[in-house]
Amino acid sequence: MIYFTIWGVMYIALCMLGFKLYFFLQQKNLHTRDKFKKGIASYALFILFICIEIPFAIFFPVWLNTRLNVLEKNSESTMYLLIFGVVVLSLSIWNARKDRPKGF
């Protein structure tokens, strides 16, 4: 149970850090002079963010439970862990909105 708690705290911190890193990189991208390069970099960052951050945030608690067997493995516990992942994702978005670039 202690490992599950440690991994859970690290998971929440990584979700929040992922949003902050994404907005930081987008802020750095705003200073690019070439509009074509700016557009390509912006879309590439967005695709990487969508492909890495969102699945990680939603499915990591379920994966962690299958590895550590903290909760009984059934559809109800899986549903609750998926809902927990969505809640953490939404709270990370809410928390990181203050770091969003002004021109973004």
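Just so you know, these numbers come straight off a predicted model, no measurement behind them.

Rules of the game
- Residues numbered from 1 in each chain as written.
- Predicted model: local features only at pLDDT ≥ 70, side-chain atom pairs only at ≥ 80, totals over all residues.
- Heavy atoms only, no water.
- 1 Å grid on protein atoms, 1.4 Å probe; cavity = no way out; pocket = protein on both sides within 12 Å on 5 of 7 lines; lining within 4 Å.
- Points joined across faces, edges and corners; volume = space filled by probe spheres on them.
- Helix = DSSP H or I, 4+ residues; strand = E, 2+ residues; numbered from the N terminus.
- Buried < 20%, exposed > 50% of the residue type's maximum accessible area, 1.4 Å probe, protein only.
- Polar contact = N/O pair within 3.5 Å; in protein donor to acceptor, adjacent residues only side chain to side chain.
- Contact = heavy atoms within 4.5 Å.
- Nonpolar A, V, L, I, M, F, W, Y, C, P; charged D, E, K, R; others polar.
- Patch = residues over 30% accessible without salt bridge, like charges linked within 9 Å, V, L, I, M, F, W, Y side chains within 5 Å.
- Areas by Shrake-Rupley, 256 points an atom, 1.4 Å probe, with all protein chains shown as cover.
- Salt bridge = Lys/Arg side-chain N within 4 Å of Asp/Glu carboxyl O.
- Phe/Tyr/Trp six-rings, centres within 6.5 Å; stacked < 30°, edge-to-face > 60°.
- Core = buried A, V, L, I, M, F, W, Y, C linked by side-chain atoms within 4.5 Å.
- Disulfide = S-S within 2.5 Å.

**What to know about empty space enclosed by the protein**
Here is step 1: Counted according to the given criterion, the structure contains one cavity of 30 Å³ or more.
Here is step 2: Of the pockets and cavities examined, the largest cavity occupies roughly 30 Å³.
Here is step 3: Every residue along the wall of the largest cavity is listed here: Val-62, Asn-65, Thr-66, Lys-73, Ser-77, Thr-78 and Leu-81.
Here is step 4: If you list the elements that add at least two residues to the lining of the largest cavity, you get α2 (35-68) and α3 (75-96).

**With respect to the side chain of Asn-29**
Here is step 1: Within the secondary structure, Asn-29 is located in helix α1 (residues 2-29).
Here is step 2: The class for Asn-29 is buried, based on a relative accessible area of 8%.
Here is step 3: Side-chain polar atoms of Asn-29 contact the backbone oxygen of Lys-38, separated by 3.1 Å.
Here is step 4: Setting aside its immediate chain neighbours within four residues, Asn-29 contacts Lys-37, Lys-38, Ala-41 and Ser-42.

**Things to note about the layout of surface pockets**
Here is step 1: Estimated volume of the largest pocket: approximately 250 Å³.
Here is step 2: Leu-14, Leu-17, Gly-18, Leu-21, Tyr-22, Leu-25, Leu-45, Leu-48, Phe-49, Ile-52, Glu-53 and Phe-56 together form the lining of the largest pocket.
Here is step 3: At the level of elements, α1 and α2 are the ones that each hand at least two residues to the lining of the largest pocket.
Here is step 4: Taken together, the residues of the lining of the largest pocket break down into ten nonpolar, one polar and one charged.

**Focus on a nonpolar patch on the surface**
Here is step 1: Together, Ile-2, Tyr-3, Ile-6, Trp-7, Met-10 and Leu-68 make up an exposed nonpolar region whose accessible area comes to about 620 Å².
Here is step 2: At five residues, the largest contribution of residues to the nonpolar patch is made by α1.
Here is step 3: Its location among the elements puts Met-10 in helix α1.

**Concerning the packing of aromatic side chains**
The way to describe two aromatic rings as a pair is by their centre distance and the angle between their planes.
Here is step 1: Throughout the structure, instances matching the rule amount to nine aromatic pairs.
Here is step 2: Ring plane angle 20 degrees and centroid distance 5.4 Å describe the contact between Tyr-11 and Phe-60, whose orientation is recorded as stacked. Of this pair, Tyr-11 sits in helix α1 while Phe-60 is found in helix α2, placing the two residues 49 residues apart along the sequence.
Here is step 3: For Phe-60, a relative accessible area of 12% corresponds to the buried category.

**Considering the nonpolar core**
When a protein is soluble and globular, its nonpolar side chains tend to lie buried together.
Here is step 1: In this structure, Tyr-11, Cys-15, Phe-19, Ala-57 and Leu-89 are the most contacted members of the largest nonpolar core, which totals 16 residues.
Here is step 2: Looking at this core, the elements that each hand over two or more residues are α1, α2 and α3.
Here is step 3: Excluding its chain neighbours within four sequence positions, the residues that come into contact with Ala-57 are Tyr-11, Cys-15, Gly-85 and Leu-89.

**As for the state of the cysteines**
Here is step 1: Under the defined criterion, the tally for this structure stands at zero disulfides.
Here is step 2: In this structure Cys-15 is not part of a disulfide, and its nearest cysteine sulfur, from Cys-51, lies 16 Å away.
Here is step 3: Looking at Cys-51, the relative accessible area reads 54%, which means it is exposed.

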